[in-house]
Amino acid sequence: MESIKDFNEVIFDPSVCVKCGYCKSTCPTYLATRDERFSPRGRLIISYKILKENLDIKETLDFYRDLDTCSKCTECERTCPLELKPYLTFVRTKNKTLFGKVETLMAKITTSSKIFFSLSFKIISRMRKAKPPEDNEFSGKFQEKFTDVSENSEKILFFPSCFGYTIFRATAKKTEMLLKKLGVNFMTSPKSFSCCSAPILFSGDINSFKKRTKKFVSKLKKDTGGAELKKILVNGPTCTWIIKNFMKDELEKEFGHEVEVKEVSDFILNKIVDKLKDVKLSDGDEIILHKPCHSESSMGEKLRKLGFEVKETDFYCCGFGGSMFFKNWSMSDELLRKTLGNFEQDIKNGVKIFSNSPGCILQLSRSANSNHILSLISQYLNKIELR
Ligand code: SF4
Ligand code: SF4
């Protein structure tokens, strides 16, 4: 996907949709419900009504809710033959309503401090009966300085995301251990850069998102000692997607050169496959793999090369969907059922599910034993030396 340098490049006019309906074929909320209101085309028609018609408060709330059930997967943007950006059109429309403005306010509060996002994850996880992996208690420090400070070494930032700083701390620590084992010169992103502000973007307040991003990036430059940062490795495909598409121009302006943004799991799996050549990590241990909607990684292929027997989910939205897990429970449940429908017997037989998105892991853990793919890899890699 091409990076969006400026939101003004996006056509924000729902009436340009020719209503061909191609986008419905890949929209998970439509495929799960077969209801036009929950399709990209339906949501564009609703957006048009919100923008052009004089709706009363009840109608506005109903339409806002319909827009808000979108899972943010952006599949419709890949399918639309006119290359429209339905998703960005819905979120900006939501923000034209009073309910969208309340959503922005909540998003700003939640993302303003680690205490707030940690609390919201814990409370909602309990309410939704999600069981984050038990091994995620870790209270020590992260890698605060580059592991190699010499002039010419390539400097890489590891971004654990808000999850990695809160309920997935042990996974973030294991990721650091893997990066060290692979000889990568990295530091973990400082406190000033602990959230990519996805909830603000998802609420549709593009200006607030841009302001927050600008502030974050300039603090990041200071907190990394003005380092010649060449790469950012991100925990989770959605944060990778946000940083890659909506923050990259700000990063490049601040650092003065191109900054590559990659999923950390992809980076690590590639390096391990390269180093191990034909050596296997596993003797055919079975796993179920869920590749999240925003992921560009070919994790399944690499895990097979490492000797795992991998069964992949083929319904690409598990129902975490950013705020869907928090707010739209019935749609979230329906998507979870669709994702795991074919794996009931495997789950009964004790096969574990892995993913590289903390959000997806949280959602999947409501139905089955789930964990981060890098937790699995670190467990196997402990037993062997890398050269
Ligand atoms: S594919 Fe594009 S043009 Fe066709 S209905 Fe969907 S958004 Fe509209
Ligand atoms: S972003 Fe995903 S869930 Fe939302 S309308 Fe597009 S395809 Fe459907």
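What counts and what doesn't
- Residues numbered from 1 in each chain as written.
- Chains lettered and ligands numbered in written order.
- Predicted model: local features only at pLDDT ≥ 70, side-chain atom pairs only at ≥ 80, totals over all residues.
- Heavy atoms only, no water.
- Pairing = 2+ DSSP bridges.
- Helix = DSSP H or I, 4+ residues; strand = E, 2+ residues; numbered from the N terminus.
- Axes fitted to C-alpha atoms, helices over the stretch in contact; angles between N-to-C directions.
- Contact = heavy atoms within 4.5 Å.
- Near = heavy atom within 4 Å.
- Nonpolar A, V, L, I, M, F, W, Y, C, P; charged D, E, K, R; others polar.
- Buried < 20%, exposed > 50% of the residue type's maximum accessible area, 1.4 Å probe, protein only.
- Domains from an automatic or database assignment.
- Buried area = accessible area lost by both parts, 1.4 Å probe.
- Salt bridge = Lys/Arg side-chain N within 4 Å of Asp/Glu carboxyl O.
- Polar contact = N/O pair within 3.5 Å; in protein donor to acceptor, adjacent residues only side chain to side chain.
- Core = buried A, V, L, I, M, F, W, Y, C linked by side-chain atoms within 4.5 Å.
- Phe/Tyr/Trp six-rings, centres within 6.5 Å; stacked < 30°, edge-to-face > 60°.
- Lys NZ or Arg CZ within 6 Å of the ring centre and 35° of its normal.

**Student:** A description of the sheet that holds strand 6 (residues 309–312) should follow, citing residues and the corresponding values.
**Tutor:** The strand order across the open sheet built from four strands is 6-5-7-8, with neighbouring strands paired in parallel fashion. Each edge of the open sheet carries a strand with a single partner, namely strand 6 and strand 8 (370–372). The average undirected angle you get between the axes of adjacent strands in this sheet is 35°. Where strand 5 (residues 286–290) and strand 6 come together, four bridges link them in parallel fashion. Residue pairing across strands places Glu286 opposite Glu309, the latter belonging to strand 6. Against the sheet, helix 19 (residues 373–381) touches strand 5, strand 7 (353–355) and strand 8, its axis set at about 75° to strand 8.

**Student:** Any details on the site of ligand 2? Residues and values, ideally.
**Tutor:** In the neighbourhood of ligand 2, the contacting residues comprise Cys27, Pro28, Thr29, Pro40, Arg43, Cys70, Ser71, Cys73, Thr74, Glu75, Cys76 and Phe90. Elements that contribute at least two residues to the shell around ligand 2 include exactly helix 1 (28–33), helix 2 (40–52) and helix 4 (75–79). Of the residues in the shell around ligand 2, the class split is seven nonpolar, three polar and two charged.

**Student:** Go over the sheet that holds strand 4 (residues 260–263) with me, naming the residues and quoting the values.
**Tutor:** One open sheet accounts for four strands, arranged 2-1-3-4; its pairing is parallel. A single partner strand is all that each edge strand has here, and the edge strands are strand 2 (186–188) and strand 4. Neighbour-to-neighbour, the strand axes of the sheet open up by a mean angle of 25°, direction not taken into account. Looking at chain direction, strand 3 (residues 229–234) and strand 4 are connected through four bridges and run parallel. Paired with Ile232 across the two strands is Val261, which belongs to strand 4.

**Student:** Give a detailed account of unusual backbone geometry, specifying residues and quantitative values.
**Tutor:** Trans peptide bonds make up the majority, and among non-glycine residues the majority have a negative phi. Even without being a glycine, Arg34 presents a positive backbone phi close to 55°. Counting through the fold element by element, Arg34 comes out in the loop between helix 1 and helix 2. Judged by relative accessible area, Arg34 falls into the exposed class, the value being 58%. For Ser197, which is not glycine, the phi dihedral falls at a positive 70°.

**Student:** Please set out the domain arrangement of the chain residue by residue, giving values where relevant.
**Tutor:** Quite often, the size of an interface is put as the accessible area lost when its parts meet. The domain architecture assigned to the chain consists of domain 1 (7–94), domain 2 (115–266) and domain 3 (276–381). Using C-alpha coordinates to define each centre, domain 2 is positioned 22 Å away from domain 3. Opposite the 31 residues of domain 2 that make contact, domain 3 presents 33 residues. Here domain 2 meets domain 3 over a buried area of about 2700 Å², counting both sides, of which 63% is carbon and sulfur. Of all residues in domain 2, Arg128, Leu178 and Pro237 give up the largest surface area on contact with domain 3, accounting jointly for 25% of the area buried on that side. At the boundary of domain 2 with domain 3, the tally comes to three salt bridges. Asp266 is paired through a salt bridge with Lys302; the nearest N and O atoms lie 2.6 Å apart. Taken together, the links from domain 2 to domain 3 amount to 16 residue pairs in polar contact (both at pLDDT 80 or more). Among the elements of the structure, helix 7 (114–127), helix 9 (169–181), helix 12 (237–255) and helix 13 (264–276) are those that each provide at least two residues to the side of domain 2 that touches domain 3.

**Student:** Which residues make up the site of ligand 1, and what are the values?
**Tutor:** Not every one of the 13 residues close to ligand 1 is listed here, only the nearest: Cys17, Cys20, Gly21, Cys23 and Cys80. Residue composition of the shell around ligand 1, by class: ten nonpolar, one polar and two charged.

**Student:** How would you explain the nonpolar core if you had to name every residue and give the values?
**Tutor:** Counting residues in hydrophobic clusters, the biggest one holds 44 residues, and the most contacted among them are Ile242 and Ile243. Within the residue set of this core, elements represented by two or more residues are helix 2, helix 3 (57–68), helix 5 (86–94), strand 1 (155–159), helix 10 (198–203), helix 11 (206–223), strand 3 and helix 12. If you tally residues by element for this core, the top one is helix 12, at eight residues. Looking at which domains feed residues into this core, each of domain 1 (7–94) and domain 2 (115–266) supplies at least three.

**Student:** How would you sum up the packing of aromatic side chains? Please name residues and give values.
**Tutor:** The description of an aromatic ring pair uses the distance of the two centres, along with the angle that the planes make with each other. All told, the structure shown has 14 aromatic pairs when counted by the stated rule. Where Trp241 meets Phe246, the ring centres are 5.3 Å apart and the plane angle is 90°; that geometry is what we call edge-to-face. When its relative accessible area of 7% is taken as the criterion, Phe246 is described as buried. In this structure an aromatic cluster arises from ring pairing among Phe121, Phe163, Phe168, Phe320, Phe325 and Phe326. Over the ring of Phe325 we find Arg128, and its NZ or CZ is 5.5 Å from the ring centre. Above the plane of the ring of Phe255 lies Lys221, whose end atom (NZ or CZ) is 5.5 Å from the centre.

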